[in-house]
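Here's the letter readout for the chains.
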Amino acid sequence: MNFLFRMITGQYRLIWLCTIVYSALFNFSFFKHFTDAFPTSDGNTGFLISVVVFLIAAHALVFSILGGRLFTKLVLIIGFLIGASAAYFSWTYGIVIDTVMLRNIIETDSSEAFGLLSLELIMVILLGALVPAYLVYKAPVGYQGVLKEIRAKLFSIMLAVVMIAAALVPYSANYASFFREYKSVRFYSAPLFPLYSVGKYFGKSHVSPLKPESEMINVVPDAKIEHSDPNKHDLIVLIVGETGRADHFSLNGYKRQTNPRLSKRKGVISFSHMTSCGTSTAVSVPCMFSPDPRDEFDSKSIYNKLNALDALHENNVAVLWRDNNSSSKGVAERVDYQSFKSSDLNTVCDPECRDTGMLVGLDDYVDKHPNQDIVVVLHAMGSHGPEYFKRYPQVFEQFTPVCKSNQLAKCSSDEIINAYDNTMLFTDFFIDSSIDWLDQYSNQYKTALLYVSDHGESLGENDIYLHGMPFAFAPEVQKHIAAVAWLNDSSTFKYQDVVKNKEVPFTQDNFYCSVLSLLDVNTKFCPHEKSIFFEHHKEQK
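The model shown is predicted, which means the values in this text are computed figures rather than measured ones. (Residues numbered from 1 in each chain as written. Predicted model: local features only at pLDDT ≥ 70, side-chain atom pairs only at ≥ 80, totals over all residues. Heavy atoms only, no water.)

1. Focus: the domain arrangement of the chain
Where interface size is given, it is often the accessible area lost as the parts come together that is meant.
(1) Moving on: In terms of domain boundaries, the chain breaks down into domain 1 (1-204) and domain 2 (227-530).
(2) Moving on: Counting from both sides, the interface comprises 25 residues of domain 1 and, opposite them, 27 residues of domain 2.
(3) Moving on: Here domain 1 packs against domain 2, burying approximately 2100 Å² in sum over the two surfaces, 50% of which is carbon and sulfur.
(4) Moving on: Inspection of the region where domain 1 meets domain 2 yields two salt bridges.
(5) Moving on: In this structure, Lys 32 engages Asp 463 in a salt bridge whose closest nitrogen and oxygen atoms are separated by 3.7 Å.
(6) Moving on: Viewed at the interface, domain 2 and domain 1 are joined by six residue pairs in polar contact (both at pLDDT 80 or more).
(7) Moving on: When contributions to the side of domain 1 that touches domain 2 are tallied by element, the ones reaching two or more residues are α5 (72-93), α6 (99-107) and α7 (110-115).
(8) Moving on: Of the residues forming the side of domain 1 that touches domain 2, the biggest block, five residues, is contributed by α6. (Domains from an automatic or database assignment. Contact = heavy atoms within 4.5 Å. Buried area = accessible area lost by both parts, 1.4 Å probe. Salt bridge = Lys/Arg side-chain N within 4 Å of Asp/Glu carboxyl O. Polar contact = N/O pair within 3.5 Å; in protein donor to acceptor, adjacent residues only side chain to side chain. Helix = DSSP H or I, 4+ residues; strand = E, 2+ residues; numbered from the N terminus.)

Here you go:
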């Protein structure tokens, strides 16, 4: 022990102390998921001890590399801030802080951020981050000379490597199984994995400057609108939903009547096997409108290639994006955009501004474009959690009792589901009201509506809440989304033809060409099988 104290200077002793604290304070979720996969009752106690050593040494290795006379205390304080935050959200909602979740956090607006605020979060940040950060700041380190500090750094790194090897070797078969079959568990290690995600996020230069339209790739240069009736333009409403699960739509067989209005509406088709492109708004919304399929889409796609709305705008379609959510995520940069998040424009606020407010004043937009096709995109707040009880007016609270807290784990499963299902009722009302607005123009225009949710939602299944899990191991409920179309006699496509596709397994990859086909856009990029409105076979994807 004396040898270690001689070899490791004060700042590296502080690093090792903090990494032990990190492992003890911030990894409840990690060890819960680990013991679920490797129960100690099955003789895995030795492996568990090995993992504890591995986790401490891995943190010590990273922070020893990052540490230095000017940075040690700073990176340790950052470790406490990130670790405490990650531990709270992983324990409370079952979510992990990866690059996608970081993007969600950075791009969220103030109202969504306050929706996650709670006394428990404040206490965790205070006791788990600020108090330890203050102690680290005040800790006497006694920096040594440059050569001694370099020697101490190298020794600390070597010690961590030796401990990792000592932990790995006796249980190599167990670790092989752990890393191969339970990759998701490591995402819960804090602050190590969140720090890795931060580095990866900023290292990928996630923010791409907007380019002039002339510098962006147009994948449909041959796109051309070919109306069967040149004297009748299209008027289309696209609703981008929020957090709508397919299995909570009664149109898809859900036991509760969550679609009382749409179920009575003629021309409504629910596509019951629609899969999202991502598990968060920041990924799914730009991916929906992008020409890239999910396996090729990345955060830069929306800044490099013209999207579906751009393709329409290029063909003289009047496009309006109204937003009651958290922005268009880069989709509506070159079309008319209006934010309905406040009462400045939204006249239906109580005090939360409702999605139905986006329908007010749309007649004026139609009147201003008498000789054009028109597409109106409504980006809804929908069922955004965790405060589901705020997402609908009181009159829609039909399923009771409801969870009236953002601490979902403190509510019963029934209370959470009741609150969520009430948001489904309001979504049903909003879609139905949008159809009412459209239908009044059916004699003048070819009208149609398409609603597609951006992603699904976890409501406590397997102790996971909200959304945003990495797509590879996200639960199905975060990917299986609600999707509804409404067609009438004036529409380009006919109900009796399209309803045959209601059980075809579509994905949001079909959204781009489906939108173009609604506007009678012909292009080689969009053969019929890419649109949900042309005839498909059930096995076709």
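2. Some words on helix α8 (residues 119-138)
(1) Moving on: Between its first and last C-alpha atoms α8 spans 27 Å; for 20 residues at 1.5 Å apiece the expected length is 28 Å, and the two agree.
(2) Moving on: A maximum bend of about 30° is found in α8 at Leu 126.
(3) Moving on: All of the buried residues along α8 are Leu 121, Gly 128, Ala 129, Pro 132, Ala 133 and Val 136. (Expected span 1.5 Å × (residues − 1). Bend = angle between axes of the 7 residues up to and from the residue. Buried < 20%, exposed > 50% of the residue type's maximum accessible area, 1.4 Å probe, protein only.)

3. A closer look at the state of the cysteines
(1) Moving on: Counted according to the given criterion, the structure contains four disulfides.
(2) Moving on: Across the disulfide, Cys 513 is cross-linked to Cys 526 (sulfur-sulfur distance 2.1 Å). Linking Cys 513 and Cys 526, the disulfide has an S-S dihedral of approximately -75° and is accordingly described as left-handed. Here Cys 513, found in helix α18 (residues 511-518), pairs with Cys 526, found in the segment after β14 (521-522); they are 13 residues apart in sequence, far enough to count as distant. (Disulfide = S-S within 2.5 Å.)

4. So, the UniProt feature "domain: Sulfatase N-terminal" (unreviewed entry) in the chain
(1) Moving on: As recorded in UniProt, the sites labelled "domain: Sulfatase N-terminal" (unreviewed entry) are residues 236-521.
(2) Moving on: The span residues 236-521 is 23% helical and 17% strand by assignment, and the distance between its end C-alpha atoms comes to 13 Å. (UniProt positions renumbered as here; feature names shortened; annotations may be inferred.)

5. Points about the packing of helix α4 (residues 45-66) against helix α10 (residues 172-181)
When two helices pack together, their arrangement is given by the angle between the helix axes and by the axis-to-axis distance.
(1) Moving on: The geometry of α4 relative to α10 is characterised by a closest axis approach of 11 Å and an angle of 70° between their N-to-C directions. Between α4 and α10, the angle is such that the two are roughly perpendicular. Along this stretch, α4 crosses α10, giving a crossing that reads as right-handed. Contact residues: α4 offers Phe 47, Ser 50, Val 51 and Phe 54, while α10 offers Asn 174, Tyr 175, Phe 178 and Phe 179.
(2) Moving on: Residues belonging to the contact of α4 with α10 are distributed by class as follows: six nonpolar, two polar and no charged. (Axes fitted to C-alpha atoms, helices over the stretch in contact; angles between N-to-C directions. Parallel < 35°, antiparallel > 145°, perpendicular 65-115°, else oblique. Left-handed = near helix turned anticlockwise from the far one by under 90°. Nonpolar A, V, L, I, M, F, W, Y, C, P; charged D, E, K, R; others polar.)

6. A closer look at the pattern of salt bridges
(1) Moving on: Scanning the model with the defined rule gives 18 salt bridges in all.
(2) Moving on: Arg 265 is the partner of Asp 432 in a salt bridge, and the nearest nitrogen-oxygen pair spans 3.0 Å. Of this pair, Asp 432 sits in helix α16 (residues 413-439) while Arg 265 sits in the loop between β2 (234-241) and β3 (268-270); the two residues are 167 residues apart in sequence, bridging distant segments of the chain. Judged on exposure class, the residue Asp 432 and its partner Arg 265 are both buried.
(3) Moving on: Here the salt bridges do not stand alone but share partners, grouping Asp 350, Glu 352, Arg 354 and Arg 391 into one network.

7. Considering the pairing of strand β8 (residues 446-453)
(1) Moving on: Summarising burial for β8: eight of the eight residues are buried, a large majority.
(2) Moving on: Residues Lys 446, Ala 448, Leu 450 and Val 452 line one face of β8 and the alternating positions Thr 447, Leu 449, Tyr 451 and Ser 453 line the opposite face, and both faces are buried.
(3) Moving on: Note: β2 against β8, eight bridges, orientation parallel. Opposite Val 240, over in β8, you have Val 452 as the bridge partner.
(4) Moving on: Relative to strand β12 (residues 483-487), β8 runs antiparallel, the two sharing five bridges. Across the sheet, Tyr 451 pairs through a bridge with Val 484, a residue of β12. (Pairing = 2+ DSSP bridges.)

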